[in-house]
Structures are given as C-alpha cells and as structure tokens.
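Next come the chains, spelled out residue by residue.
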Amino acid sequence: MMTPKLAGPPDGGWGWVVAAAAFVVNGLSYGLLRSLGLALPDLAEHFDRTAQDTAWVSALALAVQQAASPVGSALSTRWGARPVVMVGGILTSLGFIFSAFAGSLLHLYLGLGVLAGSGWALVFAPAVGTLSRYFSRRRVLAVGLALTGSGASSLLLAPALQLLLHTFGWRGALLLLGAITLHLTPCGALLRPLALPGDPPTPPHGPLAALGLGLFTRRSFLVFALGTAMVGGGYFVPYVHLAPHALDQGLGGYGAALVVAVAAVADAGARLVCGWLADQGWVPLTRLLAVFGALTGLGLLAVGLVPVVGNEEAWGGSLLATAGAYGLSAGGYAPLVFGVLPGLVGIEGVVQATGLVMMLMSLGGLLGPPLSGFLRDETGDFTTSFLVCGSLVLSGSFIYMGLPGAMPSCHPASSPATAPPKRGELLPIPQVALLSPGNPHSTLDTAC
C-alpha cells in the first residue's frame, strides 16, 4: 500500500524536535535580552552616560530584531528556515564578540543593536513559524512550550551573567555570551522543511508579496496589528529595566537577579499552562488574548507602585510578588499572540504573519525602553516609567476587543464554518455551556 499523502500538520513526530530547537532559539534571543539589563549599570558607569543612553543598547537590539523580522520571514519563505536561522546564529555571535571590544556606546549600538539584532531577526520568526506548521490541535501548547525558552534562559542567565560581570567584567561577559549564542546555528539545522497541502507551488515573487504586506487588507489582522503595536510600547520595558528598577529599590546585584529570575519562572510556567488551556477550546483565543494582555498591563502598574525596599540585605518581598504576577500574566499572553495567527491568516501565511507581528511590536519596543530611561532620569526612579508602560499595554488590550470572538455576543453563539484541515486553521469556537441561576439546565453563552 502507498503511504497516504500528508493531509495536514502532523501534530507531533519531528515537530517536537522543532519545538526543542525553537525553545533554545527563544532562550538565546528574548531570554538573553531580558537578562542583558543587568549589564546596563556597568556600561553607564564605564562610559559615564545616563540610563537613557545605555537603554538604547537593548532598545536597538530589540527594535532591529523585531523590525527586520519580516525580512527573516521573507528569506525563510524563499530559501527555507534552516539556512536562514543558521546564518542568523553566526551574525548574533559576531555582534556580541564585536561589542566586547567596544570603545564607545556607538560601538555597542552597532554591535549589539544592529549586528546581533539582525541575527536575532533571522532566527526567531522562521523558527516559530516553522513550529506552527507542524501542529494543529496542539499548536498553542507547542508554541507555549517553545516560548518558555525565554523564561528558562532568564532563570539561568540572570545569575550567571551577574557572576560573569563580577568575575570578568562586562567585556569578558559579552565575549562569553558570543560563544553561547553561536549555539543558534545547530538549532537552525534541526528545522526540517515541511510541505503541506495549500502551500503555494512557487515562492512569492516581488518584495510586497514576500513580506506578506497584503495581510493588512484583512480587517481582523489589521485590528490585531494595531493592538499588538500598542502593547509593544510597554511589554518589553521589564526586559530592560526590571533589574535596574530592583537596584533602585535598594536591592543588591544578586537580589535584582532574583527578581528577574522569579519573573522568568512565572513567565515560563504560565506559557505552558496557558498553551494547554487555549488548546482545550473552552474560551476563544482572541478573548484569552485580550484578558491576558489586560492582566499584563495591570502587572506592570503593580511593579511600578511597590514600596522602596530600603537596603541591600532585604529580599524585597513585595517586588518579588509583583514581578511574579507580571511574569504570570505576560507568560500567558505570549503564546496567544502567535497562537491566534493561523486563525486570522491561514497556515500558509503564518510565517509571514509572525514576521509582521515582530515588526509591529518593534514600533513600541524601539520607543518603550528609551522613554522609560528618560522618565527615570527626569523623576529619579522607574515608578512613572512602569505606570506609563502599563497604560500602553492596557490600551492595546482594549483594541483586541474588536477581534472576532473577543467579546461575548448578544445572541446564541453559532459555530463558524470549519476550514479544511489541510489549511491548519484554528478549531471553531465552541458554544460554552453555562448554568442559569434560575434554571438547572445548561444554556448557551448569550451574555452581552
């Protein structure tokens, strides 16, 4: 008998190897960016610059990584994810090595911001987009598992980087990080190409088609894009300024590393739990996205409002608690951002859509950390910074309410037409059964 032709994502098999590769890719990109804030005070002291000036190092790296992500997606669509990610790993490593010999902040802007940021742009979107193509019913769980890489990496790299800074200084630490990030290259080798029915017979021609800019003509994706750009203005501020905020609150270097580690652990756990919850189909993905986005904004507000610790010997229980709450909400939000994409654009456009999402978040990511640093220089602490950034995340979450299924309807929900399995669309929104207080029988979700 002939082997039947693959009719859709395999939902397992080599997909779990791809998930492991994406786990490491996420850890050596966003996890490393989150921990890199520990080096900013040393850079500010060495070059005698302000917090706003040094914040541009991480902000540029984050902005270039996200703004250039559509280029990584386009190259991946044309040449395949495997060679693109391998080249990106080499560029990232060279960026850290070059920065270890920096003689000014400009060298760091070019090394970490432009070169390493460009390398990260070539690895993340192709890896996550390829992973989404391998799964259907367990897609959000698989993406959530891969995205826990940033939390696990922060848990390990935050104290490790603090130790490297104390032992070798910031130059030696960056040099060693250059060796570590080179492991992105073998991760790219594990991204085996997967052909699915519905894929275009030939790669798209022309820059607009390759970048997937036609997706903005879809109303649902446009609403999603506006909300995501707004959320990006505040979402990444803790990646850069959570550790400096802890230092300003009176904690020592290892205490600040503990705050980052607690947020990372909560973030990693929430990504797994939320991924499993989303795949159950109990609540529409768009509604979960709006809820967890709002909780993330509230978590940022709480981080900014915690009282001063007072001395380096204290553990900072209140800051640890609010950082953990922020980590839980931000971790729940992360897999949903990518999990909703196949339902909005189809499985054939998910790689391009992933790159566009990263570009959209860069619009806020480029301005968020420098704005936070500016507010810190003007006010003397990060309280106002976290309040402003939390408000931006809340605003983006309100925009998400315009997505299909984000708000309960005023009439009995009906299952939408189910897309063919080969397209890998999200499962139809189920009719949620509720118990009416006056009637023991189940009723459909009809709340306005």
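Just above, that's the structure.
Presented here is a report on the structure given in the accompanying data block. Along each chain, the written sequence defines residue order, and numbers are assigned to residues from 1. The predicted nature of this model means local features are confined to residues of pLDDT at least 70 and side-chain atom pairs, given and counted, to a pLDDT of 80 or more, with totals for whole chains, interfaces and linings taken over all residues. Neither water nor hydrogens contribute to the side-chain values; these are computed over all heavy atoms in the structure.

**Here's the deal with the overall build of the protein chain**
Moving on, step 1. For the protein chain, the count of helices and strands is 17 helices and 2 strands.
Moving on, step 2. Exposure classes here rest on a 1.4 Å probe applied to the protein chains alone. A residue is buried below 20% of its type maximum, exposed above 50%, and partly exposed in between. Taking all 448 residues of the protein chain together, the buried fraction comes to 54%.
Moving on, step 3. Any two residues whose heavy atoms approach within 4.5 Å at even a single point are treated as in contact. The contacts of the protein chain with a sequence gap of at least 6 include a subset with a gap of at least 24, amounting to 85%.
Moving on, step 4. Summed over all atoms, the accessible surface of the protein chain reaches about 17700 Å², with 71% contributed by carbon and sulfur. The secondary structure listing takes helices from DSSP runs of H or I that are at least 4 residues long and strands from runs of E that are at least 2 residues long, numbered from the N terminus. Surface accessibility in these figures is a Shrake-Rupley result with a 1.4 Å probe; residues are shielded only by whichever protein chains are displayed.

**Points about unusual backbone geometry**
Moving on, step 1. Here Asp-11, not a glycine, exhibits a phi torsion of approximately 60 degrees, which is positive.
Moving on, step 2. Its place among the elements puts Asp-11 in the segment before helix H1 (15-35).
Moving on, step 3. We classify Asp-11 as buried; its relative accessible area is 16%.

**As for the packing of aromatic side chains**
The description of an aromatic ring pair rests on the distance of the ring centres and on the angle between the ring planes.
Moving on, step 1. Within 6.5 Å between ring centres, the rings of Phe, Tyr and Trp (the latter by its six-membered ring) count as paired, and their orientation is classed by plane angle as stacked under 30 degrees, edge-to-face over 60, tilted in between. For the structure shown, the criterion picks out 11 aromatic pairs.
Moving on, step 2. Three or more aromatic residues joined by ring pairs form one cluster here, namely Phe-216, Phe-221, Phe-224, Tyr-235, Tyr-333 and Tyr-400.
Moving on, step 3. Here the guanidinium or amino end of Arg-192 rests over the ring plane of Trp-14, the centre of that ring lying 3.9 Å away. By definition here, charges over rings are those cases where NZ of Lys or CZ of Arg is within 6 Å of the ring centre and within 35 degrees of the ring normal.

**A closer look at the side chain of Thr-130**
Moving on, step 1. Residue placement: Thr-130 occurs in helix H6 (residues 105-134).
Moving on, step 2. A polar atom in the side chain of Thr-130 sits 2.7 Å from the backbone oxygen of Pro-126.
Moving on, step 3. Every residue in contact with Thr-130, bar those within four places of it in the chain, is listed here: Val-18, Ala-81, Arg-192 and Val-351. Polar contact criterion, stated in full: a pair of N or O atoms within 3.5 Å, where within protein one must be able to donate a hydrogen and the other to accept it, and residues adjacent in sequence count only if both atoms are side-chain atoms.

**Brief notes about the environment of Arg-219**
Moving on, step 1. Looking at where Arg-219 falls in the secondary structure, it is placed in helix H10 (residues 219-235).
Moving on, step 2. Take Arg-219: its relative accessible area is 57%, and that puts it in the exposed class.
Moving on, step 3. In this structure, the C-alpha to C-alpha distance between Arg-219 and Leu-403, residues 184 residues apart in sequence, is 8.8 Å.

**A few points about a nonpolar patch on the surface**
Moving on, step 1. Exposure above 30% relative accessible area and the absence of a salt bridge qualify a residue for a patch, where like charges join within 9 Å and nonpolar side chains (Val, Leu, Ile, Met, Phe, Trp, Tyr) within 5 Å. What makes a salt bridge here is a side-chain nitrogen of Lys or Arg within 4 Å of a carboxyl oxygen of Asp or Glu, nothing more. A cluster of nonpolar side chains, namely Ile-90, Leu-94, Ile-97, Phe-101, Leu-175 and Leu-182, defines an oily patch on the protein surface of about 540 Å² accessible area.
Moving on, step 2. Of all the elements, helix H5 (residues 81-99) adds the most residues to the nonpolar patch, at 3 residues.
Moving on, step 3. Structurally, the position occupied by Ile-90 is in helix H5.
Moving on, step 4. Relative accessible area serves as the criterion here: at 41%, Ile-90 is assigned to the partly exposed category.

**What about the packing of H1 against helix H7 (residues 139-181)?**
Moving on, step 1. Helix axes use the C-alpha atoms of the stretch in contact, all axes being lines fitted to C-alpha atoms, and the angles between their N-to-C directions lie in the range 0 to 180 degrees. At a minimum axis distance of 6 Å, the contact between H1 and H7 shows a crossing angle of 45 degrees. Considering the angle they form, H1 stands oblique to H7. The interaxial crossing formed by H1 with H7 has right-handed handedness.
Moving on, step 2. Its residues assigned to classes, the contact of H1 with H7 comprises 16 nonpolar, 11 polar and 1 charged. Each angle receives one of four descriptions, namely roughly parallel if under 35 degrees, roughly antiparallel if over 145, roughly perpendicular if within 65 to 115, and oblique otherwise. Crossings are classed by handedness, with left-handed meaning an anticlockwise turn of the near helix from the far one by less than a right angle and right-handed meaning a clockwise turn. Note on residue categories: nonpolar means Ala, Val, Leu, Ile, Met, Phe, Trp, Tyr, Cys or Pro, charged means Asp, Glu, Lys or Arg, and polar means any other residue, Gly included.

**Looking at the pattern of salt bridges**
Moving on, step 1. On inspection of all chains with the given rule, the structure shows 3 salt bridges.
Moving on, step 2. Taking the shortest distance from any N to any O, the salt bridge between Arg-49 and Asp-53 comes out at 3.3 Å.
Moving on, step 3. Arg-271 serves as the salt-bridge partner of Asp-267, at 2.3 Å between the closest nitrogen and oxygen. Taken together, the residues span about one helical turn, with Asp-267 and Arg-271 both in helix H12 (residues 253-279) at a distance of 4 residues.

**Things to note about the packing of helix H4 (residues 69-79) against H6**
Moving on, step 1. Interhelical geometry of H4 versus H6 gives an angle of 60 degrees and a closest axis separation of 7 Å. One way to sum up the angle between H4 and H6 is to call them oblique. Regarding H4 and H6, the two cross each other, and that crossing is right-handed. Across the interface between the two elements, Ser-69, Gly-72, Ser-73, Leu-75 and Ser-76 from H4 touch Ala-121, Leu-122, Ala-125 and Pro-126 from H6.

**Focus: H6**
Because an α-helix packs 3.6 residues into every turn, residues spaced three or four apart end up facing the same way.
Moving on, step 1. By definition here, a helix of n residues has an expected span of 1.5 Å times n minus one. The end-to-end C-alpha separation of H6 is 42 Å, in line with the 44 Å expected for 30 residues at 1.5 Å each.
Moving on, step 2. Fitting axes to the seven residues that end at a residue and to the seven that start at it, the angle between those axes gives the bend at that residue. The axis of H6 is deflected most strongly, by about 30 degrees, at Gly-117.
Moving on, step 3. The buried count for H6 comes to 24 of 30 residues, which makes it a mostly enclosed element.

**A short note on helix H11 (residues 237-248)**
Moving on, step 1. Helix length check: H11 (12 residues) gives 15 Å between terminal C-alpha atoms against 16 Å at 1.5 Å per residue, within 8%.
Moving on, step 2. Summarising burial for H11: 10 of the 12 residues are buried, a large majority.
Moving on, step 3. The positive-phi residue at the C-terminal boundary of H11 is Gly-250, with phi of around 110 degrees.

**Quick look at empty space enclosed by the protein**
Moving on, step 1. Each cavity reported here is a set of points on a 1 Å grid over the protein atoms alone in which a 1.4 Å probe fits but cannot get out, each pocket an open set with protein on both sides within 12 Å along at least five of seven lines, and each lining residue one with an atom within 4 Å of a point. Grid points are joined across faces, edges and corners, and a volume is the space filled by probe spheres set on the points. Applying the stated criterion to the full structure yields 4 cavities of 30 Å³ or more.
Moving on, step 2. Taken as a whole, the largest cavity spans an internal volume of roughly 150 Å³.
Moving on, step 3. Considering every element that reaches the lining of the largest cavity, the biggest residue donor is helix H14 (residues 317-339), with 4 residues.
Moving on, step 4. For the lining of the largest cavity, the residue count by class is 12 nonpolar, 3 polar and 1 charged.
Moving on, step 5. Size it by volume and the second largest cavity reaches roughly 60 Å³.
Moving on, step 6. In this structure, the second largest cavity is lined by Leu-36, Ala-39, Leu-40, Leu-43, Val-57, Ser-58, Leu-112, Trp-170 and Leu-174.
Moving on, step 7. Elements supplying a minimum of two residues to the lining of the second largest cavity: helix H2 (40-47), helix H3 (51-67) and H7.

**Remarks on the nonpolar core**
Moving on, step 1. Counting residues in each nonpolar core, the largest one holds 112 residues, and the members touching the most others are Leu-108 and Phe-224.
Moving on, step 2. Those residues in contact with Phe-224, other than ones at most four positions away along the chain, are Leu-289, Val-337, Val-340, Leu-341, Leu-344, Val-357, Tyr-400 and Leu-403. To form a nonpolar core, buried Ala, Val, Leu, Ile, Met, Phe, Trp, Tyr and Cys residues must be joined to one another through side-chain atoms within 4.5 Å.

**Remarks on the layout of surface pockets**
Moving on, step 1. Approximately 590 Å³ is the volume attributed to the second largest pocket.
Moving on, step 2. Forming the boundary of the second largest pocket are 27 residues, of which Ser-76, Thr-77, Arg-133, Leu-194 and Asp-199 lie nearest the centre.
Moving on, step 3. For the lining of the second largest pocket, the secondary-structure elements that each account for two or more residues are H4, H5, H6 and helix H16 (350-379).
Moving on, step 4. Here the lining of the second largest pocket is composed, by residue class, of 14 nonpolar, 7 polar and 6 charged.

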